[in-house]
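This is what each chain is made of:
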Amino acid sequence: MAALAQFMPLLPMIPGLVSEVREIISILHTPALTEEERNARLDALMARLDQRVAEIEAMELPARQEEDPNA
Amino acid sequence: MHRNRKSWVCLVLVVLLIAGCASGGDKSYKGLAITAVTLDNLAGQMQAVNGVFKQKCNVEKSLTPKQCNGFVDFGEKFKKLYPSAVGLWKSSRTVSDTAVQGQADAVVNSLITELVKWGSVVGYDVLTQLKK
């Protein structure tokens, strides 16, 4: 159980990718859109990306570790 | 457990294949939309992998300093390249330039490839611990 618990943080990545594949397939199968509809969808995606950029810029990386020179 | 790691890598490859096929032609909207979805998801995946590394490097101390510092190097690179890739995506949308979009795709693909590598580093260590 302890080993399974350690694996748990990885699990959210799998549904994320499944939803990405679904979203891409839905884009590929979307019937022809008007220019207005296309612009509206791209505007929404751009807003999401702006949000993501802010999140990535604010993301705190792990603290650096001191490496053993004799290792 | 091993099957889950494999399916994660397979899904990334499928995404790359689909994105590559769609952006190859003149379907500029679909190409742009797919690159944006991939960029969006890439950020989420990076945050998730970063969370695992933080836990294992700074709390559990279950990874080597070399592994942790290697991921930090990648993370610093990611923090510089991700906004650039989004900037390229915005430029390619504004000027409808497929060459610029290709540059954005190239940055995204290189980041995904490296992120998969770091994800599997964490997965490998989990499997090693399971065998103990």
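Our subject is the structure listed above.
Residues numbered from 1 in each chain as written. Chains lettered and ligands numbered in written order. Predicted model: local features only at pLDDT ≥ 70, side-chain atom pairs only at ≥ 80, totals over all residues. Heavy atoms only, no water.

**Let's talk about the side chain of Ser92(B)**
All names here are of chain B.
Next up, step 1: The topology assignment puts Ser92 in helix α3 (residues 65-95).
Next up, step 2: Among the polar contacts listed, one links the side chain of Ser92 to the backbone oxygen of Trp89, at a separation of 2.8 Å.
Next up, step 3: Setting aside its immediate chain neighbours within four residues, Ser92 contacts Leu32, Asp97, Val100 and Gln101. (Helix = DSSP H or I, 4+ residues; strand = E, 2+ residues; numbered from the N terminus. Polar contact = N/O pair within 3.5 Å; in protein donor to acceptor, adjacent residues only side chain to side chain. Contact = heavy atoms within 4.5 Å.)

**Considering the packing of aromatic side chains**
Residue and element names in this part refer to chain B.
Next up, step 1: Counted by the stated rule, this structure contains six aromatic pairs over all chains.
Next up, step 2: Ring geometry for Phe71 and Phe74: centres 6.1 Å apart, planes at 55 degrees, overall tilted. In this pair, Phe71 and Phe74 both sit in helix α3, three residues apart, roughly one turn of the helix.
Next up, step 3: The exposure class of Phe71 is buried, given its relative accessible area of 0%.
Next up, step 4: Ring plane angle 70 degrees and centroid distance 5.9 Å describe the contact between Phe74 and Phe78, whose orientation is recorded as edge-to-face. (Phe/Tyr/Trp six-rings, centres within 6.5 Å; stacked < 30°, edge-to-face > 60°. Buried < 20%, exposed > 50% of the residue type's maximum accessible area, 1.4 Å probe, protein only.)

**Regarding the nonpolar core**
Next up, step 1: Residues Met46(B), Phe53(B) and Tyr82(B) are the most contacted members of the largest nonpolar core, which totals 40 residues.
Next up, step 2: Going through the elements one at a time, α3 (35-58) of chain A together with α2 (28-59), α3 and α4 (98-131) of chain B are the ones with two or more residues in this core.
Next up, step 3: Residues in contact with Met46(B), not counting those within four places in the same chain, are Ile56(A), Met59(A), Leu61(A), Phe71(B), Phe74(B), Gly75(B), Phe78(B) and Leu115(B). (Core = buried A, V, L, I, M, F, W, Y, C linked by side-chain atoms within 4.5 Å.)

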